[in-house]
Amino acid sequence: MHDLKQYNNFEEVLKAYESFDFESYLQGVSDEDIQSSMKKENLTQFDFLNLISSKAKKYLEPMAQISKRHKIRHFGKVIQLYLPIYVSNYCSSDCEYCGFSKKNKITRKHLSEEELEREAKEIAKSGIKHILLLTGEARKIAGLEYLKMSVRVLKKYFSSISIEVYPLDTHEYKELKDIGVDGLTIYQEVYDRKIYHEVHTSGEKTNYDYRLEAPERGAEAGFRSINVGVLFGLGDIIKEAFYSAIHAKFLMDKHLDSEISLSMPRINKNAGEFAPKYNIDDATYVQVMLAYRLYMPMIGINVSTREKASFRDNLIDIGATKFSAGSKTDVGGYSDIDKSTAQFEISDERSVPVIASMIRSKGYEPVYKDWESL
Ligand code: SF4
């Protein structure tokens, strides 16, 4: 169980933990265990559990100091900036927590090539060079050919293109990689299989295993960066933090040519009425971020504009490496093409220059471009 490298795929890892008794383990965690985990150079997944235990809450300050050292050693004093572009909000799936769910009566929009070009031009004015392309899960409307058209347009304006779309086959990822996509973001949303099926009630997204294997398919297709994570609020916080951490570690160990990173989204208000069952408070959110960093010193950690401005500012020093800025979550939102409904409400509405100057005020450098695909 200790050595993740013995497993062929992440599904096997999850199976190995099926009967693991988290509660008993966490009850047995002592102060000595936590202090010993903090001192280690190479932490195991059980050290990670020690650090996210409730007993470890009193060690947030020393954990933050270690996390800061790791972050500066591996990333320098920089925060990379990116922007999401939503190109289509049609969706054939129903996810209880998402404003784009098929059942929601919202204004749907799908950008034409011309509209996409307008959006890209508008975003490019901010100086941002890293873009994240998002769609709903609607292969019939925003299929592979549409994605390829979108990538060709975005390539004219941005040096790095990542995608956050429905899971694809390896050869489809490869086709996108070959025309300029270099990063894949795909969250399992919730690793607990039972909850997964309770909140994903219809459509392609009900296929848990196909989604779980997508990061590996992306790495096999040759994407330079793979970003995974959970949507905090759907499942038990400890278990979901644990599974997301070992998923990232498993990918890091197995796919040495891809940079693996984690995102930490938590549920925000959307067009539906979804109330998260497992709220993660700010202190626990910070604790999980610190534990991610101590367990995987080289992991990239993304924090989006779902988080409040003042909260995000404080994460710069302790663990975050990548920020979205000036984001819109509606299709056509940057150039005010016929208004569509947003996926969720943004908490940090500051523009790119304002966020960049806040980053500088903290002694860090905002990075607009650190990659150019050839
Ligand atoms: S999370 Fe994705 S698949 Fe689910 S409803 Fe929203 S856009 Fe569709």
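Above this text you will find the structure in question.
Calculation notes
- Residues numbered from 1 in each chain as written.
- Predicted model: local features only at pLDDT ≥ 70, side-chain atom pairs only at ≥ 80, totals over all residues.
- Heavy atoms only, no water.
- Helix = DSSP H or I, 4+ residues; strand = E, 2+ residues; numbered from the N terminus.
- Rg over C-alpha atoms; globule rule 2.2 N^0.38 Å.
- Areas by Shrake-Rupley, 256 points an atom, 1.4 Å probe, with all protein chains shown as cover.
- Lys, Arg positive; Asp, Glu negative; His and termini not counted.
- Charge placed at Lys NZ, Arg CZ, Asp CG, Glu CD.
- Polar contact = N/O pair within 3.5 Å; in protein donor to acceptor, adjacent residues only side chain to side chain.
- Contact = heavy atoms within 4.5 Å.
- Phe/Tyr/Trp six-rings, centres within 6.5 Å; stacked < 30°, edge-to-face > 60°.
- Buried < 20%, exposed > 50% of the residue type's maximum accessible area, 1.4 Å probe, protein only.
- Lys NZ or Arg CZ within 6 Å of the ring centre and 35° of its normal.
- Axes fitted to C-alpha atoms, helices over the stretch in contact; angles between N-to-C directions.
- Left-handed = near helix turned anticlockwise from the far one by under 90°.
- Nonpolar A, V, L, I, M, F, W, Y, C, P; charged D, E, K, R; others polar.
- Salt bridge = Lys/Arg side-chain N within 4 Å of Asp/Glu carboxyl O.

Visitor: Run through the overall build of the protein chain, naming residues and quoting values.
Guide: Of the regular secondary structure elements, the protein chain holds 15 helices and 11 strands. Its C-alpha atoms give the protein chain a radius of gyration of 20 Å, within 12% of the compact-globule value 21 Å for 374 residues. Oriented by its inertia axes, the alpha-carbon framework of the protein chain measures out at about 60 × 45 × 40 Å. Within the structure as shown, the protein chain displays about 15400 Å² of accessible surface, and the carbon and sulfur contribution to it stands at 49%. Taken as two groups, the 52 positive and 56 negative side-chain charges of the protein chain have centres that lie 3 Å from each other.

Visitor: Go over the side chain of Asn227 with me, naming the residues and quoting the values.
Guide: Tracing the backbone shows Asn227 in strand S7 (residues 225-229). Separated by 3.2 Å, the side chains of Asn227 and Ser261 make a polar contact. Here the side chain of Asn227 touches Ser263 through a polar contact of 2.9 Å, side chain to side chain. Excluding residues that lie within four positions of it along the chain, Asn227 makes contacts with Leu184, Thr185, Ile186, Tyr187, Ser261, Leu262, Ser263 and Asn302.

Visitor: An account of the packing of aromatic side chains is requested, with residue identities and associated values reported.
Guide: Taken as a whole and assessed by the stated rule, the structure comprises 21 aromatic pairs. Measuring from ring centre to ring centre gives 5.5 Å for Phe48 and Tyr295, while their planes differ by 45 degrees; the resulting arrangement is tilted. Of this pair, Phe48 sits in helix H4 (residues 45-52) while Tyr295 sits in helix H13 (residues 282-295); the two residues are 247 residues apart in sequence, bridging distant segments of the chain. Pair check on accessibility: Phe48 and Tyr295 agree, each one buried. By way of ring pairs, the aromatic residues Phe10, Tyr17, Phe20, Phe22, Tyr25, Phe46, Tyr191, Phe242, Tyr243 and Phe250 are connected into one cluster. Between the NZ or CZ atom of Lys77 and the centre of the ring of Tyr364, over which it lies, the distance is 4.8 Å. Positioned above the aromatic ring of Tyr210, the side-chain terminus of Arg217 is 3.9 Å from the ring centre.

Visitor: Go over helix H11 (residues 214-221), please, and point to the residues and values.
Guide: Counted residue by residue, H11 has seven buried out of eight residues, so it is predominantly covered. For H11, the complete set of buried residues consists of Ala214, Pro215, Glu216, Arg217, Gly218, Ala219 and Ala221. Contacts made by the buried residues of H11 are with helix H1 (10-16), helix H8 (170-178), strand S5 (181-185), helix H10 (208-212), S7 and helix H12 (237-254). The positive-phi residue at the C-terminal boundary of H11 is Gly222, with phi of around 100 degrees.

Visitor: Explain the packing of helix H6 (residues 113-124) against helix H7 (residues 144-155) residue by residue, including any values.
Guide: Between H6 and H7, the shortest axis-to-axis distance is 9 Å and the interhelical angle comes to 35 degrees. Considering how the two elements wind past one another, H6 and H7 form a crossing that is right-handed. Across the interface between the two elements, Glu113, Leu116, Glu117 and Ala120 of H6 pack against Met149, Ser150, Val153 and Leu154 of H7. Taken together, the residues of the contact of H6 with H7 sort by class into five nonpolar, one polar and two charged.

Visitor: I'd like to hear about the pattern of salt bridges, residue by residue, with values.
Guide: As enumerated under the stated definition, the model contains 30 salt bridges in all. Between Arg266 and Glu307 there is a salt bridge, and its shortest N-O distance comes to 2.7 Å. Here Arg266, found in the loop between strand S8 (259-263) and H13, pairs with Glu307, found in the loop between strand S9 (300-303) and helix H14 (309-315); they are 41 residues apart in sequence, far enough to count as distant. Note on accessibility: Arg266 and Glu307 belong to one class, buried. In this structure, Arg360 engages Glu365 in a salt bridge whose closest nitrogen and oxygen atoms are separated by 3.6 Å. A network of salt bridges, in which partner residues are shared, links Glu137, Glu189, Lys205 and Arg211.

Everything listed is a geometric property; what it means functionally is a separate question.
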